[in-house]
Amino acid sequence: MIRGNRIFLSCAYWAFVLYVFVPLILMVMMGFKDSKFIGFPIRSWTLDWYSGVFADAEVLSTFGYSIAIAVLSTIASVVVGTWIAVLLERSRFKGWGVMFGLTVLPALVPGIISAIAFRIYARYLGIEPGMGAIIWAHAVHNVPFVVLVVMARLSTLPKSQIEAARDLGADPLVAFLRITLPYLVPAILGASIFCLLLSFDDFVRSFFLGGYDPTLPVLIFAKLKSGMSPEINAIATVALVLTAAIGIWAERFTRRANKDTN
Amino acid sequence: MTQDPLVRIDQITKTFGETVALENLTLDIARGEFVTFLGPSGCGKSTTLRILGGFEQPDSGRVILDGTDVTRQPPEKRHVNMVFQDYALFPHMTVRQNISFALELKGMDRAAIRARQDEIMDFLELGAYGDRYPGQLSGGQRQRVALARALAPDPALLLLDEPLAALDAKLRGQVQQELKSIQRRTHKTFFFVTHDQEEALTMSDRIVVMNDGRVEQDGTPEELYFHPTSRFVAEFIGETNLISGEMRGREGDAVVMDWFGQTLRGHASGTTPRPGETITASLRLEKLGFHNARPETGNAVQGRVVRKTFLGSRMAVDLAVEEAQGATLRAFVDAETGQAVGSDPVWLGWDSDSMAVLRD
Ligand SMILES: Nc1ncnc2c1ncn2[C@@H]1O[C@H](COP(=O)(O)OP(=O)(O)O)[C@@H](O)[C@H]1O
Ligand SMILES: [Mg+2]
C-alpha cells in the first residue's frame, strides 16, 4: 500500500517535470535547427541563429534596455519596500491592517488592469510613455514582494539585538545601519533577484507604458507577429539561461547567508 | 562612610496595561557593590533592569545615576551597560568587532581601541577567539564575550539579566565564581538578576528579594538566610521549618510563642507582633541540634524520628514532637549523627536567635 503510493507519487512527480520541461527543451532545440521552419524533423544543426542574435544591434540594445529597467525599478522597490517593512514591523499602530493591505494590493491587481490604470494615470500626470513610466510601474508592482520578504526576516531579529546596540551607544539610526540592515541583507538580496526577474519578464506593463523602444518581451512579441522563426528561440534561450543562472545563484546565496547568521 | 549611592531608584512604579510590574520601588545601590535581585519569575526583576538601562520608562518615579536624573535619557546616553539574557551578540561581527562596537561609537582612535580590546580579551581569557564569530563559540565562551563587550566601554554600572540561565549546571558553578572574581578585580558595581536562590547566596554582597513588584527584604545573604523577615523570603530561600503559634509576650528581645502547648522563644526583626496574634516563625533545618539530655538552649523539645533521608554529606531527619500534638520538624545533621539516632526520643535544641518570627 505505502509502496504503491510511493511509486504513484514519484510517477506523478516525473510526469509533472516532463510537462514543465518538454516545451522548454523543444524551444531550446529549435534554436539550433538549420531551417527557417519550426518543427520536426530536424535534419541539420547550426549556431547561425545565435550568431545572428549577437550581431543584431536591436536585439542587444533591447537586452540592455530591459536590464536597465530591471535594475533601476528593483532599486526603487527595494528602498521603498524595506522602508515600509521596517515601519510596519516596528509597531502595531492604528490603521496597521489598512496600511498593510494597501501595501500588498499592487501584487494582487491583475497586470492588464494595473497597466491600463497606470497608462491613464501617467497621461493625467503628464508622464511620457517610456523608460521612466515602465520603471515606475514595475517598482510599484514589486514593492509588496520586498515588503513581505523583508518583514518575514525582520520578525526573526531578536529585540535584544537592537537594545544591545543602543546600550552600547548607538542611536536608533546607527543601530539600524549597523545591526538591522546587515541582518536584512539575505532577505533584501533575495527580494532584489525576484524583482529583477519579475521586471525583466514583464510584458503587459512594459507594453502599455513603453515608448518607441521595446523591452525584450515586447520585442519578441513584435517579432512573433511577423512570423515564428528560430531566431526567436535563440533570443528566448539566451534570456532563459541568464535568468535561470541568476535565480539559482541567488537561491544558493540567500540560503547560505541565512545559515551563517542564524 | 556615608557616600552618595551610585544609583538611586526613587519610588518607581511601572504598569503594563493591567499588570503592575513595579510598585513604588525604592532602592539605593552603593559603588562597587555586587547586588543581586532575586525573585520568582514575573516579579519585576527584568523590568527594573530595563528601566535602569533605559529600555523602559517608568510611569512615575526617578532613576538617579551618579547624582544625575537619567529617567528620561535614552540607553545610548547612559553610562550603564547590560549583559542580556540571550547575550545578544551581533552574529555578523567577530568577537573583536563585538567588543569594539561601543568603543568605536565613543570615538576612540584605532590604537586605543586595539589596546582596550586586547586588555579586555586578555582579562576574560578570550585571546584565542578574537576572529571567531559568535556562532562558532560555545555557550560559556559566548557568555564571556557578552561580558567583555559590556565591560569594554568601562560602564559605571553593569546590569546582568539572568546571564547564567542558559548554561548547564556544572559550567554555571564555574562561571559564578568567575563573575564574582571579575567583579572584585574591576571594583565595578554589578546589578545581577536571578530567580535562583542558590546562585544569589553564593555570589552576592547584598540580595534584594522581590515579590510582586515590591521589595520583600534587602540584606546580606546571611541576614536573609538566617533572619528572614517575611514568610515569602523564608520559604523562597533555602528550606525551613515554619512554626505557627500564638504570640504570648516578650522576654527582653525574645518573642514568646505557644506552639501546640510548647513554649518557644524567637527573634523578631521585621515585625512587632502583639500578644494573642497568630504568628509564624522560620527555623532553619541546620539550626536544630540533637542532644541526649535536655539542652540549655533557649528552646528544647523531644522528638521521635519518623524518616531519615540520606543526602550524602548530611542527612535530613523528620521528627514528630509528641508533646506538640505530633507536629513534625525537619533537621539537617551530619550523616553520623543521623545514623546514630534510633527509635528512642531525642532532645532537639535551638537558640531563640535562630528562630525568626515572620511578617505574614
Ligand atoms: N513589555 C511588556 N508588556 C506587558 N507586560 C509585561 C512586559 N514586560 C513585563 N511585563 C509583565 O510585567 C511583570 C514583570 O515582568 P518581568 O520584569 O519581566 O519579570 P521577571 O524578570 O522578574 O521575570 C510580568 O507580569 C510580566 O508579564
Ligand atoms: Mg526576567
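Model, not experiment: these values are computed from the prediction. (Residues numbered from 1 in each chain as written. Chains lettered and ligands numbered in written order. Predicted model: local features only at pLDDT ≥ 70, side-chain atom pairs only at ≥ 80, totals over all residues. Heavy atoms only, no water.)

**Focus: the pairing of strand S12 (residues 254–259) of chain B**
Residue and element names in this part refer to chain B.
Stage number 1. Of all the six residues making up S12, six are buried; the element is thus mostly covered by neighbouring parts of the structure.
Stage number 2. A two-sided burial pattern is seen for S12, the buried positions comprising Ala254, Val256 and Asp258 on one face and Val255, Met257 and Trp259 on the other.
Stage number 3. Pairing of strand S11 (residues 240–251) with S12, which is carried by five bridges, proceeds in the antiparallel orientation. The residue of S12 that forms the bridge with Met247 is Met257.
Stage number 4. Taking the residues that link successive antiparallel strands as the turn, the S11-S12 hairpin has two residues, and the phi of Gly252 there is positive, at about 65°.
Stage number 5. Judged from the six bridges that link them, S12 and strand S13 (residues 262–268) form a sheet pairing that is antiparallel. Along S13, the bridge assignment pairs Asp258 with Thr263. (Buried < 20%, exposed > 50% of the residue type's maximum accessible area, 1.4 Å probe, protein only. Helix = DSSP H or I, 4+ residues; strand = E, 2+ residues; numbered from the N terminus. Pairing = 2+ DSSP bridges.)

**A look at the UniProt feature "domain: ABC transporter" (unreviewed entry) in chain B**
Stage number 1. Here, UniProt's "domain: ABC transporter" (unreviewed entry) annotation points to residues 7–237 of chain B.
Stage number 2. Taken end to end, residues 7–237 of chain B has its terminal C-alpha atoms 26 Å apart, with 36% of it in helix and 26% in strand. (UniProt positions renumbered as here; feature names shortened; annotations may be inferred.)

**Regarding helix H4 (residues 139–151) of chain B**
Stage number 1. In this model H4 of chain B runs 18 Å from its N-terminal to its C-terminal C-alpha over 13 residues, within 8% of the 18 Å that 1.5 Å per residue would give.
Stage number 2. In terms of residue burial, H4 of chain B counts as a mostly covered element, since eleven of its 13 residues are buried.
Stage number 3. By the burial criterion, the buried members of H4 of chain B are Gly140, Gln141, Gln143, Arg144, Val145, Ala146, Leu147, Ala148, Arg149, Ala150 and Leu151 of chain B.
Stage number 4. Buried residues along H4 of chain B sit in contact with helix H7 (159–167) of chain A together with strand S6 (80–83), helix H2 (95–105), helix H3 (110–123), strand S7 (157–161) and helix H5 (169–186) of chain B. (Expected span 1.5 Å × (residues − 1). Contact = heavy atoms within 4.5 Å.)

**Some remarks on the domain arrangement of chain B**
Residues and elements named next belong to chain B.
Stage number 1. Taken domain by domain, chain B holds domain 1 (7–231) and domain 2 (239–358).
Stage number 2. Between domain 1 and domain 2, the C-alpha centre-to-centre distance is 39 Å.
Stage number 3. Counting residues at the interface gives eight residues for domain 1 and 13 residues for domain 2.
Stage number 4. Our count for the contact surface shared by domain 1 and domain 2 stands at zero salt bridges.
Stage number 5. On the surface where domain 1 and domain 2 come into contact, there are two residue pairs in polar contact (both at pLDDT 80 or more).
Stage number 6. In terms of residue count, helix H7 (residues 221–226) provides more of the side of domain 1 that touches domain 2 than any other element does, three residues in total.
Stage number 7. A class-by-class count of the residues in the side of domain 1 that touches domain 2 yields four nonpolar, three polar and one charged. (Domains from an automatic or database assignment. Salt bridge = Lys/Arg side-chain N within 4 Å of Asp/Glu carboxyl O. Polar contact = N/O pair within 3.5 Å; in protein donor to acceptor, adjacent residues only side chain to side chain. Nonpolar A, V, L, I, M, F, W, Y, C, P; charged D, E, K, R; others polar.)

**Digging into the sheet that holds S7 of chain B**
Residue and element names in this part refer to chain B.
Stage number 1. Taken in spatial order, the six strands of this open sheet run S6-S7-S8-S3-S9-S10, and their pairing is mixed. Bordering the open sheet on either side are S6 and strand S10 (214–219), each of which pairs with just one other strand. Along the sheet, successive strands turn relative to each other by an average axial angle of 20°, direction set aside.
Stage number 2. In terms of strand pairing, strand S9 (residues 206–211) meets S10 through five bridges, oriented antiparallel. (Axes fitted to C-alpha atoms, helices over the stretch in contact; angles between N-to-C directions.)

**Here's the deal with the packing of helix H5 (residues 111–125) of chain A against helix H6 (residues 131–154) of chain A**
Residue and element names in this part refer to chain A.
Stage number 1. It is at 11 Å that the axes of H5 and H6 come closest, and there the two elements cross at 130°. Between H5 and H6, the interaxial angle falls into the category oblique. Here H5 and H6 pass one another in a crossing that is right-handed. Residue-level contacts link Phe118, Tyr121, Ala122 and Leu125 of H5 to Trp136, Ala137 and Val140 of H6. (Parallel < 35°, antiparallel > 145°, perpendicular 65-115°, else oblique. Left-handed = near helix turned anticlockwise from the far one by under 90°.)

**Considering the UniProt feature "domain: ABC transmembrane type-1" (unreviewed entry) in chain A**
Stage number 1. Sites flagged by UniProt as "domain: ABC transmembrane type-1" (unreviewed entry) map to residues 63–250 of chain A.
Stage number 2. Across residues 63–250 of chain A, the secondary structure splits into 83% helix and 0% strand, with the terminal C-alpha atoms separated by 21 Å.

**Focus: the pattern of salt bridges**
All names here are of chain B.
Stage number 1. For the structure shown, the criterion picks out 25 salt bridges over all chains.
Stage number 2. In this structure, Arg206 engages Glu33 in a salt bridge whose closest nitrogen and oxygen atoms are separated by 3.1 Å. Residue Arg206 is found in strand S9, and its partner Glu33 is found in the loop between strand S2 (19–29) and strand S3 (34–38); the two are separated by 173 residues along the sequence.
Stage number 3. Judged by relative accessible area, Glu33 falls into the buried class, the value being 15%.

**Looking at the packing of aromatic side chains**
All names here are of chain A.
Stage number 1. Scanning all chains against the criterion turns up 18 aromatic pairs over all chains.
Stage number 2. Judged by centre distance (5.8 Å) and plane angle (35°), the rings of Tyr121 and Trp136 are tilted. Taken together, the residues span a long stretch of sequence, with Tyr121 in helix H5 and Trp136 in helix H6 at a distance of 15 residues.
Stage number 3. The class of Tyr121 is partly exposed, set by a relative accessible area of 43%.
Stage number 4. Here Trp136 falls in the partly exposed class, since its relative accessible area comes to 25%.
Stage number 5. Pairing Phe207 with Phe221 gives two aromatic rings, centres 5.9 Å apart and planes at 85°, and the pair type is edge-to-face. In this pair, Phe207 sits in helix H9 (residues 204–209) while Phe221 sits in helix H10 (residues 216–225), placing the two residues 14 residues apart along the sequence.
Stage number 6. Residue Phe207 is classed as partly exposed on the basis of its relative accessible area of 40%. (Phe/Tyr/Trp six-rings, centres within 6.5 Å; stacked < 30°, edge-to-face > 60°.)

**Some points on the site of ligand 1**
Residues and elements named next belong to chain B.
Stage number 1. Every residue lining ligand 1 is accounted for by Phe16, Thr19, Ala21, Pro40, Ser41, Gly42, Cys43, Gly44, Lys45, Ser46 and Thr47.
Stage number 2. The separation between an oxygen atom of ligand 1 and a polar main-chain atom of Gly42 is 2.6 Å.
Stage number 3. Between ligand 1 and Ser46, the relevant distance is 2.7 Å, taken from an oxygen atom to a side-chain nitrogen or oxygen of the residue.
Stage number 4. Those elements that provide at least two residues to the shell around ligand 1 are S2 and helix H1 (45–53).
Stage number 5. The leading source of residues in the shell around ligand 1 is H1, at three residues.
Stage number 6. Of the residues in the shell around ligand 1, the class split is four nonpolar, six polar and one charged. (Near = heavy atom within 4 Å.)

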